[in-house]
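# Analysis of the macromolecular model
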Amino acid sequence: MDLDTGDSPWGDVPSQSVGNRDASESNADDNASPQQPSQQASSSNPRSPVRRAPRGTRKISAQATKLEAVDDTFDPLGPLGDKASETTPAANEQAPTPPQKEESAGNNVRPTSSTSQTPSAAGMMDSIEEDGSGFRGPPPVQPPSEADNSRRVSEPSVSVEKAAHPTFDITVGDPHKVGDLTSSHIVYQVRTKTTSKAYRQPEFTVSRRYRDFLWLYNSMHNNNPGVVVPPPPEKQAVGRFDTNFVESRRAALERMLNKIAAHPILQHDGDLKIFLESESFTLDVKNKENREPDLGQSKGMFSSFGISVGGGGKFVEHDDWFHDRKVYLDALENQLKALMKAIDTVAAQRKGLAEAAGDFSASLQALASVELSPALSSPLDGLSILQLRIRELYERQAQQDVLTLGITIDEYLRLIGSIKTAFSQRQKAFHSWHTAESEMQKRKNSQEKLLRQGKTQQDRLNQVNADVADAERKVHQARLLFEDMGRLMRNELQRFEKEKVEDFKSGVETFLESAVEAQKELIELWETFLLQLDAGEEGNPFYGSASAPAEPPAEGNPEGAPPVTAEEQS
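Residues numbered from 1 in each chain as written. Predicted model: local features only at pLDDT ≥ 70, side-chain atom pairs only at ≥ 80, totals over all residues. Heavy atoms only, no water.

## As for a negative patch on the surface
There is a patch of like negative charges on the surface, built from Glu355, Asp359, Glu392 and Glu395. Topologically, glutamate 355 is positioned in helix α14 (residues 320-370). (Patch = residues over 30% accessible without salt bridge, like charges linked within 9 Å, V, L, I, M, F, W, Y side chains within 5 Å. Areas by Shrake-Rupley, 256 points an atom, 1.4 Å probe, with all protein chains shown as cover. Salt bridge = Lys/Arg side-chain N within 4 Å of Asp/Glu carboxyl O. Lys, Arg positive; Asp, Glu negative; His and termini not counted. Charge placed at Lys NZ, Arg CZ, Asp CG, Glu CD. Helix = DSSP H or I, 4+ residues; strand = E, 2+ residues; numbered from the N terminus.)

Below is the structure:
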């Protein structure tokens, strides 16, 4: 059976390059009659047995020739089959610019035999030729859009220092009384503005009462042993609803919160976040106590390490620096108490002057009401009104003395109490350290006793070894806690000294300014009264009296003389 040269039983197309066209025709004749390969080879195209090569070898040479002849810029592997003669002239006519990665792609191409060209690879290459896209590089990088730029500009970067030390602005205001006669108390509105990212919003307001501030103070002490926590004002059973007392307490609570929020350690405490932000404060506090039942007011940080807290014996300070600070704090506390007593005396004297001015005003008002002559009753009435204003001035000045310098003295008296609490916590840490050392020594003695007895009690020896290791761990933790508290308290006392100078300087300046303003106002009141008194002596109405002005004297009459009658004129 004769087969056409174009029909191959394998469905492939032989290479039809110009240089090997005769070889292709001879191969087609060989495929037409496979029964007599030797005769047809000798009759149609006689060749020596040396030049005759197997099919694979001929295709390798043809493939190599085809890759060298074709310059396809889109496909690094080159076209296949009949498409070689069609694509080559087009490529030569168009002469496109070579791709940027031609060298790297050419380095990856290597001639392969026809047996290594799988149908899948051929199909993939055919699909590349059919698409006409050729080699596809990575997609270009898109420039940032305007929306991204605007969002980037609207969100300024925050430095690491500002993120680590956020700012707080806390105000305590709107004190109002709630509850019935048996459960009445004052509630304050705590408004907070902060840059901290730990809070849900930058501004928020909550309602708190005095015992909530006291809970915050105790929690801060338990969570941060060795830190000087600004304390709240002390309780007062009598007069706690008085206006002046409520205002002084409000100012003290506001200073307490702002000092806590400005502290580099306390501002990151979780209890402060609960106090400032929680809408269900009582419920959150109960949940926290249920989660941490061991953290009571007498345990705190020590129980978290498994260290027993005991009072121990009498504590003897071995550090001279701490000893000197204790002596200094005791002397400072005594001096501040004396100064506070003097401020209270001055405020009481001003209140006494205010009461005396009020009594003086009432007496002048009574005298002016019974005086018949307007020339005397009007100045008395004016002097009575002046004394009422002086009484208000003295009362306001007495309150300002307490709220400026008095509240600063009271605050530092309470701060000294917080420092003493920190000292007592350090003493407890010292006793816990030595208690742990005593316990470790006892366990080591038991261990040595078992070791002398031999290997008869191996199980008990293993348990004692574990107990000794646990005791050593507790001793190490207690010693580190004591040393850390010492270093922390040194920094806290230095911070206390620095803030004390600034606060007292500001308090004294405010006290002096308020005293000067009060004296200026008092002088102005007296000068105004004297001007009005002189105007009354000249015949003008005193203090806007409703009496009609006196008629001008008749011509020829001296001022103040009685009018001349008609009979006298005649």
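## Notes on helix α11 (residues 270-277)
Taken across its eight residues, α11 has six buried, putting it largely inside the fold. Looking at α11, one finds that the buried residues are Asp271, Leu272, Ile274, Phe275, Leu276 and Glu277. Those residues of α11 that are buried are in contact with β1 (168-178), β2 (185-194), β3 (203-209), α9 (210-223), α10 (243-262) and α12 (281-291). Looking at where α11 begins, the residue whose side-chain oxygen comes 2.8 Å from the main-chain nitrogen of aspartate 271 is aspartate 269. (Buried < 20%, exposed > 50% of the residue type's maximum accessible area, 1.4 Å probe, protein only. Contact = heavy atoms within 4.5 Å. Polar contact = N/O pair within 3.5 Å; in protein donor to acceptor, adjacent residues only side chain to side chain.)

## Quick notes on the pattern of salt bridges
Under the defined criterion, the tally for this structure stands at 24 salt bridges. With a closest N to O distance of 4.0 Å, glutamate 277 and arginine 200 form a salt bridge. With a gap of 77 residues between them, glutamate 277 in helix α11 and arginine 200 in the loop between β2 and β3 connect regions that are remote in the sequence. On the accessibility criterion, glutamate 277 (5% relative accessible area) is buried. For glutamate 411, the salt bridge is made with arginine 255, and the minimal N-O distance between the two is 2.5 Å. In this pair, glutamate 411 is assigned in helix α15 (residues 374-453) and arginine 255 in helix α10, connecting sequence segments 156 residues apart. The exposure class of arginine 255 is partly exposed, given its relative accessible area of 28%. Here the salt bridges share partners, and the residues they tie into one network are Glu439, Arg443, Asp470, Arg473 and Lys474.

## With respect to the packing of aromatic side chains
Following the criterion strictly, the structure yields 14 aromatic pairs and no others. Ring centres of tryptophan 321 and phenylalanine 322 lie 5.1 Å apart, and the angle between their planes is 85 degrees; on these two criteria the pair is classed as edge-to-face. Taking the centre distance of 6.2 Å and the plane angle of 90 degrees together, the rings of phenylalanine 430 and tryptophan 433 count as edge-to-face. One end of the pair, phenylalanine 430, and the other, tryptophan 433, are both in helix α15, three residues apart, so they sit about a helical turn from each other. The same class applies to phenylalanine 430 as to tryptophan 433, namely buried. Three or more aromatic residues joined by ring pairs form one cluster here, namely Tyr188, Phe213, Trp215, Phe275 and Phe281. Taking the ring centre of tyrosine 210 as reference, the NZ or CZ of arginine 249 above it sits at 4.1 Å. Looking at lysine 273, its charged tip hangs above the ring of tyrosine 199, at a distance of 5.8 Å from the centre. (Phe/Tyr/Trp six-rings, centres within 6.5 Å; stacked < 30°, edge-to-face > 60°. Lys NZ or Arg CZ within 6 Å of the ring centre and 35° of its normal.)

## Notes on the nonpolar core
It is characteristic of soluble globular proteins that their nonpolar side chains tend to be buried jointly. Core analysis: the largest hydrophobic core is formed by 29 residues, its most contacted members being Val190, Phe213, Leu216, Leu257, Ile260 and Leu276. Elements with a minimum of two residues in this core: β1, β2, β3, α9, α10, α11 and α12. For this core, the leading source of residues is α10, giving six residues. Apart from residues lying up to four places away in sequence, leucine 257 is in contact with Ile170, Val172, Val190, Phe213, Leu216 and Phe275. By size, the runner-up hydrophobic cluster in this structure holds 22 residues, among which are Val228, Leu336, Met340 and Ile416. (Core = buried A, V, L, I, M, F, W, Y, C linked by side-chain atoms within 4.5 Å.)

## Some remarks on the sheet that holds β1
Read from one edge of the open sheet, three strands run β1-β2-β3, paired in antiparallel fashion. Looking at which strands have only one partner, the edges of the open sheet turn out to be β1 and β3. Pairwise comparison of adjacent strand axes, ignoring direction, gives a mean angle of 20 degrees for this sheet. Sheet analysis places β2 next to β3, joined by seven bridges and oriented antiparallel. Bridging from a neighbouring strand, glutamine 189 pairs with serine 207 of β3. Sitting on the sheet, α10 touches β1 and β2, and the angle it makes with β1 is about 150 degrees. Contacts from α11 reach β1, β2 and β3, with the element oriented near 90 degrees to β3. (Pairing = 2+ DSSP bridges. Axes fitted to C-alpha atoms, helices over the stretch in contact; angles between N-to-C directions.)

## Some thoughts on unusual backbone geometry
Even without being a glycine, aspartate 174 presents a positive backbone phi close to 50 degrees. Within the secondary structure, aspartate 174 sits in strand β1.

## A look at α12
Taken as a whole, α12 has its buried residues at Phe281, Val285 and Lys288. For α12, the arc enclosing every buried residue in end-on projection is 60 degrees, short of the 170-degree limit, so these residues lie on one face. Summarising the geometry of α12, the exposed residues directed more than 90 degrees from the buried face are Thr282, Asn290 and Arg291. (Arc of directions from axis to C-beta.)

## Description of the environment of phenylalanine 315
Following the sequence through the fold, phenylalanine 315 ends up in the loop between α13 (301-304) and α14. On a C-alpha basis, the gap between phenylalanine 315 and histidine 431 in space is 8.1 Å, while along the polypeptide they are 116 residues apart. The residues contacting phenylalanine 315, other than those within four sequence positions of it, are Lys326, Arg426, Gln427, Phe430 and His431.

## So, the packing of α9 against α10
Two quantities define a packed helix pair, namely the angle between the helix axes and the distance between the axes. The contact between α9 and α10 brings their axes to 12 Å, and the two run at 30 degrees. When the interaxial angle is binned, α9 and α10 end up roughly parallel. Relative to α10, the crossing made by α9 is left-handed. Counting all contacts with α9, which are made through Tyr210, Phe213, Leu216, Tyr217 and Met220, the residues of α10 involved are Arg249, Leu253, Met256, Leu257 and Ile260. (Parallel < 35°, antiparallel > 145°, perpendicular 65-115°, else oblique. Left-handed = near helix turned anticlockwise from the far one by under 90°.)

Structural measurements only, silent on function.
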